[in-house]
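Chain and residue survey
Next come the chains, spelled out residue by residue.
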Amino acid sequence: MSFITRGFSGRSRERDERLPPGQTLVHDFPVLSAGPTPEVDTAEWEFTIRTESGEHRWNWDEFTALAIDDVDTDIHCVTHWSKLGTSWRGVSLDTLFEHVETEQEYVMAHSYGGYTTNVPLDELLDGKAWVAFEFDGEPLEPEHGGPARLLVPHLYFWKSAKWVRGLVMMDQDEPGFWEQNGYHLHGDPWTEERYW
Amino acid sequence: MSEATAQTTSPAAASAAAVPAVPRSGWHVATVASTRRETPNASRIELEVDGWPGNAAGQHLDVRLTAPDGYTATRSYSIASSGAGTRVTLAVDRLPDGEVSPYLVDDVRAGDMLEVHGPLGAFFVWAPDAAHAAAAVDARPVQLIAGGSGVVPLYAMAEAHGVAQDPTRFRLLYSVRSPDDVYFADELRRLAEASAPLQLDLVYTRRAPDGWRTPPARITREVLESAVIPAAERPRVFVCGSTGFVERVADWLVELGHDARSIRTERYGGT
Ligand SMILES: Cc1cc2nc3c(=O)[nH]c(=O)nc-3n(C[C@H](O)[C@H](O)[C@H](O)COP(=O)(O)OP(=O)(O)OC[C@H]3O[C@@H](n4cnc5c(N)ncnc54)[C@H](O)[C@@H]3O)c2cc1C
């Protein structure tokens, strides 16, 4: 139902094919958070995966000793900004799930500070997601989710849970914190799954 | 939820009852009803939104502008108004190199049509509490903290509080560059004098009014400590402004003993 807005021309630019609809390219790194930034000490940090049969647990040293991937990717926030060609380092979810047996198909990511977001497991495997702890060659800043955040670049960035502390497997898809507060259950930027 | 509020007789509560706590969002055509200069750097824009379901105080919407070549730009704006009805008020600050805000502040005029998507956001909201209003018991006080245009959703909350004559204690700490940069200045003054009053504390960062107690300066932790409802009174705190402002203030609030879970934030971008 688009129509022309009188007097608006926008900045002259070529449309970048890598930008999903409704997104604007930015060069800084905006922040979407619902509360204060939690301070998480790596000495106390741990990451867990909980399934129907038990719990897998890594502390910071164990975690950063796992195979580490370099990830170059575009990221897209629901608040209409995108960054292209960002570089991250982190542990692939494929690595984390290597020894995890589960029949459950849905994941709730839990964060320090109490936030949650839901993602189907098959959207996290096969090279699609990481737990990242470096951005642009530096330790990930608290404001952007440090010490570690989920990185699921093919979905809107709120799914890339900041300050992530663990994943809880679920039989059914359930809305997390952001989804209960108006964001889409799934969050594909290419089909603009922003809000429900 | 609407059944509970419908039992009360106050007109404000009745009109609030017409708006579900989280109205369903969608795309709407908006016609600009009026614009006016809010500050030297900002405009207030009143929209008539076809099919708008109403909104809670604190929610935002997305504005989409379309250029003649089909290019579109979308940005989020907080809503300064709340309740039922199809009139929606925005207040937009001009960013010098911005793409959308200079258009909204300087070029848009009555009769223009835009697209809006909303209302959005169900977390950064405040609603008068009908049960507490009736019994006037145990309502936690509310502390609002705004930087610049970040006052927009907080003004909506303060206004909803005033309209509902809600007995909850309400206090707003508002950081502005100069006395000319206060958004909703008359309205805030009136709310401060009303029977469900708002306690208003202004901090001037560049130029203070003549004879002001302190020289202009950015908010510090000390100012925050002295002009915010103390942590011991367990206020619910809403902070809104540029990302840098919100980060600083929220960190200090936690240091001052406020429970992180009681602090809700809206970050507008920038540093
Ligand atoms: C939920 C939400 C609610 C918002 N509500 C309001 C509102 O009520 N009133 C209002 O005026 N704005 C509001 N904003 C900000 C608004 O969405 C735009 O970001 C702003 O108007 C700038 O858009 P632009 O196209 O003019 O600038 P752009 O062309 O997008 O950006 C220009 C440059 O300024 C930076 N920038 C973006 N935002 C800011 C900022 N706030 N401070 C400093 N630098 C910034 C950008 O990163 C970029 O580098 C809100 C943002 C969010 C996320």
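Residues numbered from 1 in each chain as written. Chains lettered and ligands numbered in written order. Predicted model: local features only at pLDDT ≥ 70, side-chain atom pairs only at ≥ 80, totals over all residues. Heavy atoms only, no water.

Structural notes on the nonpolar core
Counting 56 residues, the largest nonpolar core has Phe47, Phe63, Trp88, Leu93, Leu96, Phe97 and Val131 of chain A as the members making the most contacts within it. The element best represented in this core is strand β8 (residues 130–135) of chain A, accounting for five residues. Excluding its chain neighbours within four sequence positions, the residues that come into contact with Phe47 of chain A are His56, Arg57, Trp58, Phe63, Leu96, Val131, Val164, Arg165, Gly166 and Leu167 of chain A. Judged by nonpolar contacts, the second largest core, of 32 residues, contains Leu144, Phe170, Leu198 and Cys240 of chain B. (Core = buried A, V, L, I, M, F, W, Y, C linked by side-chain atoms within 4.5 Å. Buried < 20%, exposed > 50% of the residue type's maximum accessible area, 1.4 Å probe, protein only. Helix = DSSP H or I, 4+ residues; strand = E, 2+ residues; numbered from the N terminus. Contact = heavy atoms within 4.5 Å.)

Section: the sheet that holds strand β11 (residues 263–267) of chain B
All names here are of chain B. In space, the five strands of this open sheet follow the order β9-β8-β7-β10-β11, with parallel pairing throughout. With one partner strand each, in any of the chains shown, β9 (198–204) and β11 form the two edges of the open sheet. When strand polarity is set aside, the average angle formed by the axes of neighbouring strands in this sheet is 10 degrees. Strand direction decides the pairing type here: strand β8 (residues 170–176) and β9, joined by seven bridges, are parallel. (Pairing = 2+ DSSP bridges. Axes fitted to C-alpha atoms, helices over the stretch in contact; angles between N-to-C directions.)

Things to note about the interface of chain B and chain A
Across the boundary between the two partners, chain B contributes 43 residues, which contact 26 residues of chain A. Carbon and sulfur atoms make up 54% of the surface buried where chain B meets chain A, a total of about 3,300 Å² over both sides. For the pair chain B and chain A, the number of links is one salt bridge. Asp112 of chain B is the partner of Arg6 of chain A in a salt bridge, and the nearest nitrogen-oxygen pair spans 2.6 Å. Taken together, the links from chain B to chain A amount to 17 residue pairs in polar contact (both at pLDDT 80 or more). For the side of chain B that touches chain A, the secondary structure elements donating two or more residues are β1 (26–39), β3 (60–66), β4 (72–78), α3 (101–107), β6 (113–120), α8 (243–255) and β11 of chain B. For the side of chain B that touches chain A, the residue count by class is 19 nonpolar, ten polar and 14 charged. (Buried area = accessible area lost by both parts, 1.4 Å probe. Salt bridge = Lys/Arg side-chain N within 4 Å of Asp/Glu carboxyl O. Polar contact = N/O pair within 3.5 Å; in protein donor to acceptor, adjacent residues only side chain to side chain. Nonpolar A, V, L, I, M, F, W, Y, C, P; charged D, E, K, R; others polar.)

Looking at the confidence of the model for chain B
Looking at chain B, the pLDDT average stands at 89 and 88% of residues meet or exceed 70. Long-range and interchain partners of residues 1–18 of chain B, a stretch whose pLDDT sits below 50, account for twelve contacts in this model, where long-range means more than four residues apart. (pLDDT = per-residue confidence, 0-100.)

Points about the site of the ligand
The environment of the ligand is formed by 23 residues, the closest being Asp28 of chain A together with Ser76, Tyr77, Val100 and Ser101 of chain B. The site occupied by the ligand is bordered by residues of chains A and B. Here Arg75 of chain B contributes a side-chain N or O atom positioned 2.8 Å from an oxygen atom of the ligand. One nitrogen or oxygen atom from the main chain of Ser76 of chain B is found 2.6 Å from an oxygen atom belonging to the ligand. Within the complex, the protein chains bury 80% of what would otherwise be the 920 Å² of accessible surface of the ligand. (Near = heavy atom within 4 Å. Areas by Shrake-Rupley, 256 points an atom, 1.4 Å probe, with all protein chains shown as cover.)

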